[in-house]
Amino acid sequence: MDALGVQLGCALSAAAVVYLTGELGAGKTTLVRGVLRGLGFTGRVRSPTYTLMEGYEFPGRVFHHLDLYRIHDAGELEFLGVRELDAADRWVFVEWPERGVSELPPPDLELKFELRDPGRRIGLSARSEQGRKLAETWRTLVKTATAPGLAGLD
Ligand SMILES: Nc1ncnc2c1ncn2[C@@H]1O[C@H](COP(=O)(O)OP(=O)(O)OP(=O)(O)O)[C@@H](O)[C@H]1O
Ligand SMILES: [Mg+2]
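Residues numbered from 1 in each chain as written. Chains lettered and ligands numbered in written order. Predicted model: local features only at pLDDT ≥ 70, side-chain atom pairs only at ≥ 80, totals over all residues.

A short note on the site of ligand 1
(1) Moving on: In the region of ligand 1, 17 residues are neighbours, and Met 1, Gly 27, Lys 28, Thr 29 and Thr 30 sit closest.
(2) Moving on: With 3 residues, the single largest contributor to the shell around ligand 1 is helix 2 (residues 28-39).
(3) Moving on: In terms of residue class, the shell around ligand 1 is made up of 6 nonpolar, 7 polar and 4 charged. (Near = placed C-beta within 6 Å. Helix = DSSP H or I, 4+ residues; strand = E, 2+ residues; numbered from the N terminus. Nonpolar A, V, L, I, M, F, W, Y, C, P; charged D, E, K, R; others polar.)

Okay, structure coming up:
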């Protein structure tokens, strides 16, 4: 999942809002960690489980990684300023988006993680024109992923 994330990150250029859904331990954080590596980030990538949001600065663009697992009411998100996460100039990757959907920018792309025995499955669903372009690029990578334990993909 990490290796696949790196490939996806290398193929990520335009700004995008990506929702990552799937059960606990499905590999969402692991994939985002890879994406950040693919974008060239070399520091430590922490899961935003407790902080809710982590930010990473890249030349000309900021990457926001959110994990809303601990949110019970979308109103709790107001203080994070997620409404200001204008998709036009940012990357916004959200784990557990269903917990805060009314406060979040709408997704361009949704990645659905499913645990399989063995491995995982990732389904891509484009939610905007921009997301459709990204899905086209990413689908090929996801299909050819050779990460250990990674099963078939949509
Ligand atoms: N092929 C794989 N891809 C990703 N993770 C794997 C794989 N095989 C085993 N794992 C393990 O599964 C766990 C995935 O955890 P991760 O934190 O990425 O999940 P998550 O979807 O972010 O969960 P949460 O909803 O709790 O945030 C890691 O401990 C990782 O080592
Ligand atoms: Mg996680």
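Moving on, there is more to tell.
A word on helix 2
(1) Moving on: The first and last C-alpha atoms of helix 2 sit 17 Å apart over 12 residues, in line with the 16 Å expected at 1.5 Å per residue.
(2) Moving on: Every buried residue of helix 2 is listed here: Lys 28, Thr 29, Leu 31, Val 32, Arg 33, Gly 34, Val 35 and Leu 36.
(3) Moving on: Close packing links the buried residues of helix 2 with helix 1 (2-10), strand 1 (16-21), strand 2 (53-58), strand 3 (61-67), strand 4 (90-95) and strand 5 (109-115).
(4) Moving on: Remark: Gly 40 follows helix 2 within two positions and exhibits a positive phi of approximately 110 degrees. (Expected span 1.5 Å × (residues − 1). Buried ≥ 20, exposed ≤ 12 C-beta atoms within 10 Å, placed from the backbone. Contact = placed C-beta atoms within 7 Å.)

Re the packing of helix 1 against helix 3 (residues 129-143)
(1) Moving on: Taken N-terminus to C-terminus, the directions of helix 1 and helix 3 make an angle of 155 degrees; their axes are 10 Å apart at the nearest point. Relative to helix 3, helix 1 is oriented roughly antiparallel. Judged by the sense of rotation from one axis to the other, the crossing of helix 1 with helix 3 is right-handed. In this structure, helix 1 uses Leu 4, Gln 7 and Leu 8 to contact helix 3, whose residues at the interface are Trp 138, Leu 141 and Val 142. (Axes fitted to C-alpha atoms, helices over the stretch in contact; angles between N-to-C directions. Parallel < 35°, antiparallel > 145°, perpendicular 65-115°, else oblique. Left-handed = near helix turned anticlockwise from the far one by under 90°.)

As for the nonpolar core
Inside soluble globular proteins, nonpolar side chains tend to come together where they are buried.
(1) Moving on: Core analysis: the largest hydrophobic core is formed by 35 residues, its most contacted members being Val 18, Leu 20, Phe 93, Val 94, Leu 111 and Leu 124.
(2) Moving on: Each residue touching Val 94, except ones within four places of it in the same chain, is listed here: Tyr 19, Leu 20, Leu 66, Leu 68 and Leu 104. (Core = buried A, V, L, I, M, F, W, Y, C linked by C-beta atoms within 7 Å.)

Brief notes about the environment of Phe 58
(1) Moving on: Summarising the element assignment, Phe 58 is placed in strand 2.
(2) Moving on: Distance from Phe 58 to Arg 139, taken between C-alpha atoms, is 24 Å for residues 81 residues apart in sequence.
(3) Moving on: Contact partners of Phe 58, with chain neighbours within four places excluded, come to Leu 39 and Phe 63.

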